[in-house]
Amino acid sequence: MPPRAKRKLGYNWRARQSLSETSDRSSKKEGEGEDPNALFLPPKPKKSLKVTGEATSKRKRLGCKQKKRLLKILEAKEKKTKRAEVLTELSSLSLPSSQHSFLLPSTSLSSSRPQAGPLGSMAHCGSEGSEVSGWRVRRRRRKRRQLRAEKGAWSPHKVTSHLEVVGDEDEEEEEEVQMIEMEVEEAEGEGPEGEEEEVEEEKVKEERTVTGEEANVAVETGVRERRVAVFVQLKRPGDVQEVRAQLPVVAEEGRIMESVSGSPVTVLCGETGSGKTTQLPQFLYEHGYTLPNGPCGGGMIGVTEPRRVAAVSMSHRVAYEMGLSQRQVSYQIRYEGNATEDTVIKFMTDGVLLREIEQDLLLQRYSVVVVDEAHERSVFTDILLGLLSRIIPLREKSGRPLKLVVMSATLRVEDFTKNPLLFPSPPPTLSVESRQFPVTVHFSRRTPTSYVREAYLKTCKIHKRLPPGHLLVFLTGQREVLRLCRALRGTFPCTQSTGEEREEGGRRERRRRKSRGDVDLDKYPLLPEVGRTECEDEEGEEEDKETDWKAEVSAHDRQLPMLVLPLYSLLPPERQAEVFRPVPEGVRLCVVATNVAETSITIPHVKYVVDTGKVKRRYYDKVTGISTFRVEWVSQASANQRAGRAGRTQPGHCYRLYSSAVFQNLLSQFSQPEICSRPVDDLVLQMKALGIERVAHFPFPTPPSPEALQAAEMVLEGLGALSSDGRLTDLGRTMSRFPVSPRYGKMLAVGHQYNCLPYVISLVAALSVKVSVVEIFV
Ligand SMILES: Nc1ncnc2c1ncn2[C@@H]1O[C@H](COP(=O)(O)OP(=O)(O)OP(=O)(O)O)[C@@H](O)[C@H]1O
């Protein structure tokens, strides 16, 4: 064919030609003039498409659109009949009006009931832990998913567009009808026995999620097993219900518990007074974290506080709020505690938990550890967080996970959240911004040098002029506290009876004095009258005597009853507890405290706070190795914490005895972590005893300087606690068991060797406490 003619034949003429040839060949009978080199054999027609020649010629094929329309009509018809059937069935199953009261609006769920976590839906338990409801909701959701999965296998929507699936109302409707239909069928057939079966089935699934390898497989394949969340009912006192309902944290319960359930570590930031310390342990308890069939397989909820007074007072408050006994909500501080085998929530100081880690490395007795007031950055809190960051993955592997909640009153949590050494994947951070009651802050026009005197004058003024409400004054140390207490009592002698408790306290004290033996301590003044000013001069910031302080107080003012109580860390616990007891009607309570009252605690009815803005801090001289105490400005964060003590049970006022310029310019935003300003030899010894060989590699939230670590290792080597290659010696192990500094630890160990232990104990006791004589009768 000439090339021109070829072009005229049109596009792909060769292919079309061969097709016609092929069809010619196929029309020939078998064996009749077959081309042995046939390039193409027509495929055998599919079975499903095989139709008789007659039928094809008679039936008219439907178009695509017509088919669709026909299908729709059929579906609609089917739906209609189903709907009618279901409605009749449902009307026979409708809830009797007597049970309507059990229904709750969904809006009330966030505050009164826990919400479903991301890993599953919710079931409610009585206090015994038996599951009674929630099955219907779960079943319904599961069936919805089943239905979707089944449809997903064939649905053309799935291939074409996701939006189509989401937006198809008919589809949804149909699902709903089918679900209802299935439920009705099951309700007819199963009854309550069927419910139990469902719950059992889910329990098995729940167990499967936590068993080692399978859990890993589930994570790897992206399959998330469903868990039953458990809810334990509490009988709270009526007044507590009211207070709770107003706490900002309670409104966030669902969000907080979702995060705890979905992540091994959660950081919770909440303003002071938002309800973190009192409410979080309750949320965890209500969500079954202490139950063997709970999310972590049972165990205690441990809450650590940096201060003993906070641990004790919070355990009392939380027990009261939950309507449980002190056997169940207990505390443990150094040398003292009321924990029992029934304890489910334990408040303790962070040092106590560190000691427990020495005995039980994986903290098997706990299901959740809550580290409260992490912003204070006490050295024990930091070490604890470092250790917990290593314990959590080990517990995860063991099949009984441990949850950690880090609570902070400030938003400065980057040291925890953005520290890949500590937590390789950043933990979720939740913040509760609001507080319950407003606090008005008043700054002084000028900043006085004699802040104790100024605190005295301000307290007198408030007591004379301002409406009822208790007072809390912040000073730096025990001696200052006692001094101001004396001055205030001299000015406002509390003539009224201060309650049976105080009388009982006095009786107890007298009995105790009697039982001490023949020596009448009353004959010996506790502080020599002459030497008193000398002692006070040691504090370095006050030179005038309290008798020189002149407050303008009339004879009438002196009649105003005021009960003045001290609060500092060395005060015996029963004396500390006095500040939380109710005072008689018409008496104003004035608590003079050190910074132990700065965080966590709530002294009921405190309306006024007087803040001197000062704190006593320990300073460590890296060159000489000597620690000294200095009175300094607090940080802005601490000042805000102090102010927060006024707005706990009512709106309050905070009087700062310094100007706003001082606040802005001289106060640092946050306090320095304690680990950066103290010797770390005792810490290094404890860590070596825990088996941490390379302390420099430990995941500290803020690591101490390499020089401080080096100096500590040198001291320990010199004491014989470490060998030259940095390993713990037998002597070092013995020393680490004593809760005193390594030097005193060695004294005790050697004293035992040389048979003079009783003398050495007296010496160490006298050297290791800051104040060896406690002034009781203030
Ligand atoms: N002993 C108590 N008596 C009366 N009310 C209390 C007591 N303890 C706590 N509350 C109430 O519970 C509220 C929340 O206290 P909680 O200690 O849980 O707050 P928080 O957020 O932990 O504050 P902070 O960061 O200061 O510790 C208080 O504001 C107060 O209304």
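As shown above, the structure is provided for reference.
What comes next is a walk through the structure. (Residues numbered from 1 in each chain as written. Predicted model: local features only at pLDDT ≥ 70, side-chain atom pairs only at ≥ 80, totals over all residues. Heavy atoms only, no water.)

## Thoughts on the site of the ligand
The condition is simple: Residues are counted as near a molecule or strand when any one of their heavy atoms sits within 4 Å of it. In protein, a polar contact means a hydrogen-donor-capable atom and an acceptor-capable atom, both N or O and within 3.5 Å, with residues adjacent in sequence counting only if both atoms are side-chain atoms; elsewhere, any N or O pair within 3.5 Å suffices. For the area figures, the Shrake-Rupley method with a 1.4 Å probe applies, and any residue is considered shielded solely by the protein chains shown. Helix numbers and strand numbers start at the N terminus; a helix is a DSSP run of H or I with at least 4 residues, a strand a run of E with at least 2.
The ligand sits among 19 residues. The nearest are T272, T277, T278, R645 and R648. At 3.0 Å, a side-chain N or O of E373 approaches an oxygen atom of the ligand. About the coverage of the ligand: the protein hides 93% of its 630 Å² of free accessible area. Broken down by secondary-structure element, the contributors of at least two residues to the shell around the ligand are α15 (276-286) and α16 (308-322).

## Details of helix α26 (residues 636-644)
Our working definition: For every residue, the accessible area (1.4 Å probe, protein chains only) is compared with the maximum for its type, and the residue is labelled buried under 20%, exposed over 50%, or partly exposed between those bounds. The contact rule is simple, with two residues in contact once any of their heavy atoms fall within 4.5 Å.
Counted residue by residue, α26 has 8 buried out of 9 residues, so it is predominantly covered. Looking at α26, one finds that the buried residues are Q636, A637, S638, A639, Q641, R642, A643 and G644. Those residues of α26 that are buried are in contact with β11 (439-443), β12 (470-474), β15 (606-611), β16 (614-620), β18 (652-656) and α27 (660-665).

## Topic: the nonpolar core
Test applied: To qualify as a nonpolar core, a set must consist of buried Ala, Val, Leu, Ile, Met, Phe, Trp, Tyr and Cys residues joined through side-chain atoms within 4.5 Å.
Among the nonpolar cores identified, the biggest contains 49 residues, and V369, L388 and L404 are the most heavily contacted of them. Mapped by element, the contributors of at least two residues to this core are β3 (265-270), α17 (350-359), β8 (366-371), α18 (379-398), β9 (403-408), α28 (681-689) and α29 (706-719). In terms of residue count, the dominant contributor to this core is α18 (8 residues). Once you skip the residues sitting within four places of it in the chain, L404 turns out to touch P264, V265, T266, V369, V371, L385, L388, I392 and F423. Membership of the second largest hydrophobic core comes to 38 residues, among which are F283, C296, I333 and V370.

## Description of the packing of aromatic side chains
Aromatic ring pairs are reported here in terms of the distance separating the ring centres and the angle at which the planes meet. Threshold: The pairing test for Phe, Tyr and Trp rings, Trp by its six-membered ring, is centres within 6.5 Å, and the orientation test on the planes gives stacked under 30 degrees, edge-to-face over 60, and tilted for anything in between. Criterion for a charge above a ring: Lys NZ or Arg CZ within 6 Å of the ring centre, and within 35 degrees of the ring normal.
Considering all chains together, one arrives at 4 aromatic pairs under this definition. Taking the centre distance of 5.4 Å and the plane angle of 65° together, the rings of W633 and Y658 count as edge-to-face. Placement of the pair is W633 in strand β17 (residues 627-633) and Y658 in the loop between β18 and α27, with a sequence separation of 25 residues. We note K614 situated over the ring of W633; from NZ or CZ to the ring centre the distance is 4.0 Å.

## Observations concerning the sheet that holds strand β4 (residues 300-305)
Our working rule: Paired strands are those between which DSSP finds at least two bridges. For helices, the fitted axis covers only the stretch in contact; all axes are lines through C-alpha atoms, and the angles between them, taken along N-to-C directions, range from 0 to 180 degrees.
In space, the 8 strands of this open sheet follow the order β6-β5-β7-β4-β8-β9-β3-β10, with mixed pairing throughout. Each edge of the open sheet carries a strand with a single partner, namely β6 (336-337) and β10 (429-432). Across 2 bridges, strand β5 (residues 329-333) lies against β6 in antiparallel orientation. The residue bridging I333 from the neighbouring strand is E336, located in β6. Relative to the sheet, α16 contacts β4, β5 and β7 (345-349), its axis offset from that of β5 by approximately 175°. Along the sheet, α18 contacts β3, β4, β8 and β9; its crossing angle with β8, the most-contacted strand, is approximately 150°.

## Quick word on a nonpolar patch on the surface
Stated formally: The patch calculation keeps residues exceeding 30% relative accessible area without a salt bridge and links them within 9 Å when they carry like charges or within 5 Å when they are nonpolar (Val, Leu, Ile, Met, Phe, Trp, Tyr). Any Lys or Arg side-chain nitrogen located within 4 Å of an Asp or Glu carboxyl oxygen qualifies as a salt bridge.
On the surface, L62, L70, L71 and L74 cluster together to form a nonpolar patch covering roughly 380 Å² of accessible area. In this structure, L71 sits in helix α4 (residues 64-93).

## Considering the sheet that holds strand β14 (residues 588-593)
The strand order β11-β18-β15-β12-β14-β13 describes an open sheet built from 6 strands, whose pairing is parallel. A single partner strand is all that each edge strand has here, and the edge strands are β11 and β13 (562-567). Across the sheet, the mean angle separating the axes of adjacent strands is 20° when strand polarity is ignored. Across 5 bridges, β12 lies against β15 in parallel orientation.

## Things to note about the pattern of salt bridges
This model, assessed by the stated rule, comprises 21 salt bridges. A salt bridge links R307 to E376, with the shortest nitrogen-to-oxygen separation between them at 3.0 Å. In this pair, R307 sits in the loop between β4 and α16 while E376 sits in the loop between β8 and α18, placing the two residues 69 residues apart along the sequence. A residue is classified by how much of its surface remains accessible, and R307, at 15% relative accessible area, is buried. Members of the salt-bridge network, linked through shared partners, are R327, E341 and D342.

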